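Residues per chain, in single letters:
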Amino acid sequence: MAGELILIIEDNEKNRKLSRDVLEVSGYRTLETDTGEEGVRLAREHEPALVLLDIHLPGIDGIETFQRLRADPATAAIPVIAVTASAMPDDRARIKAVGFDRYLSKPINIKSFLETVGEVLGANGASP
Ligand code: MN
């Protein structure tokens, strides 16, 4: 299993570390950044198998980051999972409307987090 490269875009250091640790223990490789702008750049440069994207970020937010990834042919096909603490109905509606592959709420449940990552990678035809 695993070995795929996953890009984590998250501005909270503790959340970023938790995602990184859980993924690396599970055999994935990770890249990380705390801004959407840098995330877009890293996605172009490294072509990760999956992006985990926080919605609330400094600078451009997760929605804008997602749209930039989708607008660029180099990154348009990379699956993106939205990760947010937001329980605001407006945010949920926006997240659904823009077409994220999946949605996870924080704090993450490690078991369902890994299941969702595995499902999205499997569905995208990624190979170990
Ligand atoms: Mn955040």
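Calculation notes
Residues numbered from 1 in each chain as written. Predicted model: local features only at pLDDT ≥ 70, side-chain atom pairs only at ≥ 80, totals over all residues. Heavy atoms only, no water. Donors = N, O, S within 2.8 Å, 3.2 Å for Na, K, Ca; no water. Buried < 20%, exposed > 50% of the residue type's maximum accessible area, 1.4 Å probe, protein only. Pairing = 2+ DSSP bridges. Helix = DSSP H or I, 4+ residues; strand = E, 2+ residues; numbered from the N terminus. Axes fitted to C-alpha atoms, helices over the stretch in contact; angles between N-to-C directions. Contact = heavy atoms within 4.5 Å. Salt bridge = Lys/Arg side-chain N within 4 Å of Asp/Glu carboxyl O.

Chemist: Run through the coordination of the manganese ion, naming residues and quoting values.
Modeler: Within the protein, Asp-11 (OD), Asp-54 (OD) and His-56 (O) serve as the donor atoms for the manganese ion, at 2.0 to 2.2 Å. In terms of primary sequence, the donors binding the manganese ion are separated according to D-x42-D-x1-H. Assessed through its relative accessible area of 4%, Asp-54 is described here as buried.

Chemist: Tell me about the sheet that holds strand β2 (residues 29–33), and name the residues and values.
Modeler: Strand order in the open sheet formed by five strands is β2-β1-β3-β4-β5, with parallel pairing between adjacent strands. In the strand order of this sheet, the two ends are held by β2 and β5 (102–105), each with one partner. Sheet twist, expressed as the average angle between the axes of neighbouring strands with direction ignored, equals 20°. As defined by bridge partners, strand β3 (residues 50–54) adjoins strand β4 (residues 80–84) across four bridges and the pair is classed as parallel. Looking at β4, one finds that Val-51 is bridged to Val-80. Packing of helix α1 (residues 13–25) onto the sheet brings it into contact with β1 (5–9), β2 and β3, and relative to β2 it is tilted by some 170°.

Chemist: Outline the pattern of salt bridges, supporting the account with residue identities and numerical values.
Modeler: A full pass over the atoms with the stated rule returns 13 salt bridges. When the shortest N-O distance is used, the salt bridge between Arg-16 and Glu-32 registers 3.1 Å. Within this pair, whereas Arg-16 is found in helix α1, its partner Glu-32 is found in strand β2, the two being separated by 16 residues in sequence. Given a relative accessible area of 27%, Glu-32 falls into the partly exposed group. Connected through salt bridges with shared partners, the residues Glu-10, Asp-54 and Lys-106 form a single ionic network.

Interpretation note: all reported values are geometric properties and have no functional meaning in isolation.
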